[in-house]
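If you want the building blocks of each chain, they are given just below.
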Amino acid sequence: MANKSNDTFMSDLSLNRIDQYLYEVTYTDWDYSVGSDYCEKYRGSTIGACSSIRNGNLFGRNLDWHYDEGASFIIHCNPTDGRHCSIGVTVNDTALTDEIADDNKYNVLYKVLPFLTVDGINDAGVVCNINVVPTGDKGYTTGTNPSGDDLWSKMLVRYVLDYADSASHAVELIKEKNIIMPMSDLLTQEYHWMIADKYSTYVVEFIDNKINIIFTIIRITVNYMKINSKLYGIIS
């Protein structure tokens, strides 16, 4: 991707308009260094929504975030370099408007979109989404594993969809990484994730720079940390 001209990059994208502000796009290549650079530059911005639920084999969530003139995308990522095939939904951004998308104009966000995925499922049946929660009373998480390779929290959904063979495998992959939270403007918001497959459901949270993996029977996340509830069993 890094060696492609902007025109070549756009010609390789399969971009289709579904409705006003909603598009479908297919990627055959996406560069993690591009996602990391974006997260570093815009570390104060927030993505995601507040809640998700699993009921049997149905997995759903709300997207009650503020929506504006930015376009949203259903994103297909085809398998490449050992990565899984996946489909997901991205958050909208005012820098990528309906007008730009309709005219098929280049925007750097097209290279970032795979890493702005807020929920999705891969071809191994692993589902992952990201949700906003208030910062816990123990302070903001800045990193989870200093000996691991850095991964921005905004990119965690993409990483799980790309590489996880199961929900439990996703948990192990996350433990190996140093997850970096992008400090919001007032340090009042961070994230947690629900990860599931056919057999199990987990909620992943970071408190006081430590990872907490919750194997949950009550398969709901809302606007608070699950770690604060005695209804859930902490396994790590």
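Below is a summary of the structure that appears in this document.

### Concerning helix α6 (residues 167-176)
By the burial criterion, the buried members of α6 are Ala167, Ala170, Val171, Leu173 and Ile174. An end-on view of α6 places all buried positions within 165° of arc, on one side of the element.

### Digging into unusual backbone geometry
Positive phi values are uncommon outside glycine, yet Tyr21 reaches one of about 70°. As for its placement among the helices and strands, Tyr21 is situated in the loop between β1 (14-19) and β2 (22-27). Phi at Asp81 is positive, roughly 55°, even though this residue is not glycine. Its place among the elements puts Asp81 in the loop between β5 (70-77) and β6 (86-90). Judged by its relative accessible area of 65%, Asp81 is exposed.

### Observations regarding the environment of Gly82
Within the element layout of this structure, Gly82 appears in the loop between β5 and β6. Judged by its relative accessible area of 71%, Gly82 is exposed. Between the C-alpha atoms of Gly82 and Asp162, which are 80 residues apart in sequence, the distance is 8.2 Å. When neighbours within four sequence positions are excluded, Gly82 is seen to be in contact with Asp162 and Tyr163.

Thresholds, definitions, all that
- Residues numbered from 1 in each chain as written.
- Predicted model: local features only at pLDDT ≥ 70, side-chain atom pairs only at ≥ 80, totals over all residues.
- Heavy atoms only, no water.
- Buried < 20%, exposed > 50% of the residue type's maximum accessible area, 1.4 Å probe, protein only.
- Helix = DSSP H or I, 4+ residues; strand = E, 2+ residues; numbered from the N terminus.
- Arc of directions from axis to C-beta.
- Contact = heavy atoms within 4.5 Å.

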